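Listed below, chain by chain, are the residues.
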Amino acid sequence: MNRNGGKPHIYLDHSATTPVAPEVLAAMQPFFSETFGNPASIHAFGRAAAGALDEAHLVVGCAINARASEVVFTGCGSEADNMALRGIALAQRKNGRGGHLVIARAEHHAVETTAEQLRDLFGFDVQFIPVDGCGQVNPDDIAAAIRKDTALVSVMLANNEVGSLNEVSAIGKICKECGVPLHTDAVQAPAYLPLDVNELNCDALSMSSHKIYGPKGVGVLYLREGTPFVPTLTGGGHERGRRAGTVNVAGAVGTAAAIKYVSREREAQAVRLVALRDGLTAGVQASVPQAMLSGHPRQRLPHHASFVFKNVDGESLLMALDVEGIAVSTGSACTSGDPEPSSVLVAMGVPREWALGGLRVTLGYGTTQADVDAFLAVLPKCVERVRKAAEWKG
Ligand code: PLP
C-alpha cells in the first residue's frame, strides 16, 4: 500500500510501470552529479562515464546471455521496438533481401504502428498473423507465413494486456531454419521470467527499464551480432553506430542495477505472486457475475490477472476503483482514454459487449495479501454501480 497525496492507495498496475527500487536509485545517483562526464569524451571525466557505461552493457548482456557489444541502450521500450522493426526491415531491403514482414496480431502499439508505417509509407508487404482466443500465436502459422522474401518476423514474448506467453523459442527455431531474423518484444517479461537470447532463438529483443524497477525513459535493444541493421536515429557513432545521441549514463547504470535486482528476486517473487494472483482470480470469478478471465489461464505472466466483464464500461470501472483507492488499468496504459474496445481483445475474438469491460490487475514485488483482499472487497460493488449507471443512461 502506498500513500498517494495523503490518501491510502493500492497500486495494482505494475504492467504499466514499477517504482524504482532503492538499490537502483542509489546506483544511479552519482551519475547525475560527480560522475557527469560525456562517455564520448576522451578526458578523465568522459572515461569515468564510459567505464560505467561499458559495465552496464556487460551486466545487461550477461543477464540475457548476450555479449556486451550486442546491447544497445535506447530511450524507451517503444524506441527499441521501432529500431528493431525499422532498422532490420530497411537493412534487409538495402541488401536486396525482400520486403515481406510477418508480425503477430495483439502486439504492443510500438510494434503494430511501426509495421503499419513500414507498409503505408515504405511499401513493405506486412502480413499480420492472427492470435487465438487466449491471445497466443501458433508457431505453425508463422512457419506457413514465411516466404523467400520474408525480411523479419516479430512476435512478443508476453502480452502486456492479457499476460499470455508466446512460444518464442519454437518460433525462433522456425525462423532460424528459414534464415529470417526474429524480433521479440520482451518488455513485460524480465521481472518474472529469466531471459536467454540463445534459448529464445531471437536476433533482436526489446526491454524497458521502468517495467523492471528501473527508471522511465530507458530501454534496451539486444541485437545479435551479424543481424542486418541500419540506424534509425542517425548522427554520431554512439552505441557502436547503432543509435546516435549521448547515452543516458545514469539510465543505463540504473537499467543494469534493475536487471541485477530482478534477476535476484524474480524466482521467489514469481512463486509468491502466482499464489496471490490465483487467489485474486478465483475471488473475482466467485464474487462478480458475468466475469471472465482474459488470456491464457496458466501460460501467463505470474503477476498478471486480466478480466472482461459483460456490459461494463472499463474506464468507468477503473474510475470507480480509483475512488476506492485502488489503481488498476483497463488494458494497456498507452491506450487508456480510447473509447473503442482494446484491439488485443478484438484480435482474440472477444465480443464487443465483453471487450468494452476489460480490466488489467497486475501485482508487483511489494503487493501483499491485504492489497488483494482490499481489491476483492470493493470490486463487486464497483462493477454493480457501473452496470447500474449504464442502465440508467440507457
Ligand atoms: N512493449 C510492451 C509489451 C509494453 O508493455 C510497453 C509498455 O507498456 C512497451 C513496449 C513500451 O515501453 P516504453 O513504455 O518503455 O516505451
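Residues numbered from 1 in each chain as written. Predicted model: local features only at pLDDT ≥ 70, side-chain atom pairs only at ≥ 80, totals over all residues. Heavy atoms only, no water.

1. Regarding the overall build of the protein
Broken down by element type, the protein carries 12 helices and 13 strands. A buried classification covers 55% of the 394 residues belonging to the protein. Surface summary for the protein: the accessible area is close to 16,200 Å², and the carbon and sulfur share equals 55%. Averaging the coordinates of the 35 positive side-chain charges in the protein and doing the same for the 40 negative ones gives two points 1 Å apart. (Helix = DSSP H or I, 4+ residues; strand = E, 2+ residues; numbered from the N terminus. Buried < 20%, exposed > 50% of the residue type's maximum accessible area, 1.4 Å probe, protein only. Areas by Shrake-Rupley, 256 points an atom, 1.4 Å probe, with all protein chains shown as cover. Lys, Arg positive; Asp, Glu negative; His and termini not counted. Charge placed at Lys NZ, Arg CZ, Asp CG, Glu CD.)

2. A closer look at the pairing of strand β7 (residues 182-185)
Residues Leu 182 and Thr 184 point to one face of β7 and His 183 and Asp 185 to the other, with burial holding for every one of them. As paired elements, strand β6 (residues 150-154) and β7 share 2 bridges and run parallel to each other. Along β7, the bridge assignment pairs Val 153 with Leu 182. On the question of chirality, the crossover connecting β6 to the parallel β7 by way of helix α6 (residues 168-178) is right-handed. Where β7 meets strand β8 (residues 204-208), 3 bridges bridge the pair, whose relative direction is parallel. (Pairing = 2+ DSSP bridges. Right-handed = clockwise from strand over helix to strand, strands pointing away.)

3. Details of the sheet that holds strand β9 (residues 219-223)
Read from one edge of the open sheet, 7 strands run β3-β9-β8-β7-β6-β4-β5, paired in mixed fashion. For this open sheet the edge positions go to β3 (71-74) and β5 (125-129), each flanked by a neighbour on one side alone. Put simply, the sheet's adjacent strands are angled 20 degrees from each other on average, direction ignored. Its contacts with the sheet place helix α4 (residues 109-120) against β4 (100-104), β5, β6 and β7, and it is angled at close to 150 degrees to β5. (Axes fitted to C-alpha atoms, helices over the stretch in contact; angles between N-to-C directions. Contact = heavy atoms within 4.5 Å.)

4. A look at the pairing of β8
Counting buried positions along β8 yields 5 of 5 residues, so the element is predominantly enclosed. Judged by which residues are buried, β8 turns out to be covered on both faces: Ala 204, Ser 206 and Ser 208 on one side and Leu 205 and Met 207 on the other are all buried. Strand direction decides the pairing type here: β8 and β9, joined by 5 bridges, are antiparallel. Bridging from a neighbouring strand, Ser 208 pairs with Gly 219 of β9.

5. Topic: the packing of aromatic side chains
The geometry of an aromatic ring pair is captured by two quantities: the separation of the ring centres and the angle between the planes. Scanning the entire structure with this criterion turns up 6 aromatic pairs. On the numbers, 4.4 Å between centres and 25 degrees between planes, the contact of Tyr 213 with Tyr 365 is stacked. Taken together, the residues Tyr 213 in the loop between β8 and β9 and Tyr 365 in the loop between β13 (358-362) and α12 (369-393) connect sequence positions 152 residues apart. Of the two residues, Tyr 213 and Tyr 365, both sit in the buried class. Taken together, a centroid distance of 5.7 Å and an interplanar angle of 55 degrees make the contact between Tyr 261 and Tyr 365 tilted. (Phe/Tyr/Trp six-rings, centres within 6.5 Å; stacked < 30°, edge-to-face > 60°.)

6. Topic: the domain arrangement of the protein
Domain parsing of the protein yields domain 1 (2-19 + 266-393) and domain 2 (22-261). Measuring from the centre of the C-alpha atoms in domain 1 to the corresponding centre in domain 2 gives 28 Å. Each partner contributes residues to the interface: domain 1 has 34 residues there, and domain 2 has 34 residues. Counting the surface domain 1 buries against domain 2, the share from its top three residues, Arg 266, Leu 301 and Tyr 365, is 24%. Where domain 1 meets domain 2, there are 0 salt bridges. Counting every contact that joins domain 1 to domain 2 gives 21 residue pairs in polar contact (both at pLDDT 80 or more). Elements with a minimum of two residues in the side of domain 1 that touches domain 2: α8 (249-287), β11 (304-309) and α10 (343-347). The class makeup of the residues in the side of domain 1 that touches domain 2 is 14 nonpolar, 17 polar and 3 charged. (Domains from an automatic or database assignment. Buried area = accessible area lost by both parts, 1.4 Å probe. Salt bridge = Lys/Arg side-chain N within 4 Å of Asp/Glu carboxyl O. Polar contact = N/O pair within 3.5 Å; in protein donor to acceptor, adjacent residues only side chain to side chain. Nonpolar A, V, L, I, M, F, W, Y, C, P; charged D, E, K, R; others polar.)

7. Structural notes on the environment of Asn 311
Structurally, the position occupied by Asn 311 is in the loop between β11 and α9 (314-323). The exposure class assigned to Asn 311 is partly exposed, which follows from its relative accessible area of 47%. In this structure the C-alpha to C-alpha distance between Asn 311 and Val 383, which are 72 residues apart in sequence, comes to 9.6 Å. Those residues in contact with Asn 311 that lie beyond four places of it in its chain are Glu 353 and Arg 387.

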